[in-house]
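Observations on chain architecture
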Amino acid sequence: MAKRVAKIEEAAASPATSEKSSDQRRKQSPPAEERYAQELEFLRSWDSTKRPEGWTLSPQAVVTFICGSRNEPLRLAQGQDKENLPNSLVITEKFVGDRSLVERCVVTLAGERGLMLVGEPGTAKSMLSELLAAGISGTSSLTIQGTAGSTEEHLRYSWNYAILLAQGPGEAALVPSPMMTGMKLGQIVRVEEVTRCLPEVQDALISQMSERRLMIPELQGEIGSVFALPGFNIIATANLRDKGVSEMSAALKRRFNFEVIAPIAEHHREVELVRRQATALLEASNVQIPVDEGLLDILVTAFRDLRAGRTVEGWSVEKPGSVMSTAEAVAIAASIGRQVAYFPSQKDPLSLIPGLLLGAVLKDDAQDRARLLAYWDSAVKRRAEKSRNWQRLLELRRDLMQ
Ligand SMILES: Nc1ncnc2c1ncn2[C@@H]1O[C@H](COP(=O)(O)OP(=O)(O)O)[C@@H](O)[C@H]1O
Ligand SMILES: [Mg+2]
């Protein structure tokens, strides 16, 4: 025992971790093009369909990349095979939702209009825009995060003032925004939470969308404007629940095709997704604990009930003010896994649900605690008559009072 503890202390004392360069250490959340590098490379070899100019995959292959190959392995044909690639590969499902919606998104991005993804928070708008950019351009890094503090420079270019003072206005002093880089390289640019930008900043997108070029009046001649190359387009996201957002102008709306991203429709697909993503999160923190099936079912059911304000049995429940997003359910399932892993003797998993659910619900409106109690006194109570798990949950009502 003493030797083992000595080893642990030794390991803790050794700066092994810090010696590793930041590149060697695992990124917390690598971009899609890194996470799915092998799938993308495989698809580029496998894909023999015509690609729009500037695209790294054909429209069909982009959809397959995002929605998966329906658990069927794709096979490389003679001459397509590559040394470091398997001969066949199942492409994983990443976005759980309507395949035809993803097809519409891809078709939009091959056209003249931009793509606007709208929906409640936590419905995978950002994730989908990242996957689309990685599939189409091979990179999702050209991203502008919209905030109330965003300025037109964030959507155009700015200057390196030291060089500007030393050399005057010229390409050396120019600091391109992701928009300018996307136009220059013919790649997809993502504008996250566009409605958080002030209207006049949003409207900078109008000329960029219609003229597909960026003017730099400070520079003369050839370098005074950047024309968008084929493959350039914009994916913007906006969530419907944001407070303090700036309504988009009609002129801007006309430059985009809108797609509403709804929460996952089917219960079983949401359970499957929450399990898959919670397991991936746990593995990323080296926690090898299976996510409990019964618990998962209860967690997702409660989320869907409170999100919809109606249960599968048809009982109506009062919706809390906060969003009961899939993203939040994934986070809770992963927290439970960690809690069980780090404190195995303390609690059984199911008894952790009331406290974590309260944490998810009680964000803005104190009334939401009462709404959760009402949910317990109605749906949970009625299900408790027929199910041991719901019975146990009912017994934990007091945890909601803390
Ligand atoms: N339909 C879905 N398919 C796959 N993952 C989803 C889906 N809906 C929610 N998620 C999960 O929730 C997270 C949503 O996060 P995000 O893309 O930031 O949402 P949004 O931008 O809509 O607020 C994703 O990372 C994923 O873990
Ligand atoms: Mg988002």
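Shown above is the structure to which this text applies.
Residues numbered from 1 in each chain as written. Chains lettered and ligands numbered in written order. Predicted model: local features only at pLDDT ≥ 70, side-chain atom pairs only at ≥ 80, totals over all residues. Heavy atoms only, no water.

Some details on the packing of helix α15 (residues 293–308) against helix α16 (residues 326–342)
Condition: Lines fitted to C-alpha atoms define the axes here, with helix axes fitted over just the stretch in contact, and angles between the N-to-C directions of these axes take values from 0 to 180 degrees. Numbering of helices and strands runs from the N terminus, with a helix taken as a DSSP run of H or I at least four residues long and a strand as a DSSP run of E at least two residues long. Angular relationships are summarised with four words: roughly parallel below 35 degrees, roughly antiparallel beyond 145, roughly perpendicular across 65 to 115, and oblique for the angles in between. In this scheme the crossing of two helices becomes right-handed for a clockwise turn of the near helix relative to the far one and left-handed for an anticlockwise turn of less than a right angle. What makes two residues a contact is simply this: any of their non-hydrogen atoms within 4.5 Å. Under the convention adopted here, Pro, Cys and the residues Ala, Val, Leu, Ile, Met, Phe, Trp and Tyr are nonpolar, Asp, Glu, Lys and Arg are charged, and Gly plus all remaining residues are polar.
At a minimum axis separation of 10 Å, α15 and α16 run at an interaxial angle of 150°. Classed by the angle they form, the pair α15 and α16 counts as roughly antiparallel. As α15 packs across α16, the resulting crossing turns out to be right-handed. In contact with Leu-295, Leu-296, Leu-299, Phe-303 and Arg-307 of α15, α16 contributes Thr-326, Glu-328, Ala-329, Ile-332, Ala-333 and Ile-336. Grouping the constituent residues of the contact of α15 with α16 by class yields eight nonpolar, one polar and two charged.

Topic: the pattern of salt bridges
As a reminder of what qualifies: Think of a salt bridge as a Lys or Arg side-chain nitrogen and an Asp or Glu carboxyl oxygen that are within 4 Å of each other. Note on classification: 1.4 Å probe, protein chains only; a residue is buried when its accessible area is under 20% of the maximum for its type, exposed when over 50%, partly exposed between these limits.
For the structure on display, the rule yields 21 salt bridges. Between Glu-152 and Arg-156 there is a salt bridge, with the nearest N and O atoms lying 4.0 Å from each other. Residue classification places Glu-152 among the partly exposed residues on the basis of a relative accessible area of 36%. Between Glu-293 and Arg-275 there is a salt bridge, and its shortest N-O distance comes to 2.9 Å. With a gap of 18 residues between them, Glu-293 in helix α15 and Arg-275 in helix α14 (residues 267–284) connect regions that are remote in the sequence. Relative accessible area serves as the criterion here: at 43%, Glu-293 is assigned to the partly exposed category. Of the residues examined, Arg-275 reaches a relative accessible area of 23% and is grouped as partly exposed. Each of the salt bridges in this network shares a partner with another, and the network as a whole consists of Glu-93, Glu-266, Arg-269 and Arg-276.

Examining helix α7 (residues 125–137)
Since the α-helix advances by 3.6 residues per turn, residues separated by three or four positions end up pointing in the same direction. Heads up, the condition is: One fewer than the residue count of a helix, multiplied by 1.5 Å, yields its expected span.
With 13 residues, α7 extends 18 Å from end C-alpha to end C-alpha; this agrees with the ideal 18 Å at 1.5 Å per step. Here α7 lies mainly inside the structure; 11 of its 13 residues are buried. For α7, the set of buried residues is Lys-125, Leu-128, Ser-129, Glu-130, Leu-131, Leu-132, Ala-133, Ala-134, Gly-135, Ile-136 and Ser-137. Remark: Gly-138 follows α7 within two positions and exhibits a positive phi of approximately 80°.

Observations regarding the environment of Ser-100
Mapping Ser-100 onto the fold places it in helix α6 (residues 99–109). Assessed through its relative accessible area of 30%, Ser-100 is described here as partly exposed. Taking the C-alpha atoms as reference points, Ser-100 and Val-340, 240 residues apart in sequence, are found 39 Å from one another.

Re the packing of aromatic side chains
Aromatic rings in a pair are described by how distant their centres are and how their planes are angled relative to each other. Counted only if it meets this: Any Phe, Tyr or Trp ring, taking Trp's six-membered ring, that has another such ring centre within 6.5 Å forms a pair; planes under 30 degrees apart are called stacked, those over 60 apart edge-to-face, and the others tilted. Placement of a charge over a ring requires the Lys NZ or Arg CZ to be within 6 Å of the ring centre, with the centre-to-atom vector within 35 degrees of the ring normal.
One pass over the structure, following the stated rule, counts three aromatic pairs. Judged by centre distance (6.2 Å) and plane angle (75°), the ring pair of Tyr-375 and Trp-376 falls under edge-to-face. The exposure class of Tyr-375 is buried, given its relative accessible area of 2%. Here the basic side chain of Lys-94 rests over the ring of Tyr-36, its NZ or CZ set 4.8 Å away from the ring centre. One Lys or Arg, Arg-383, reaches over the ring of Trp-390 and ends 4.6 Å from the middle of that ring.

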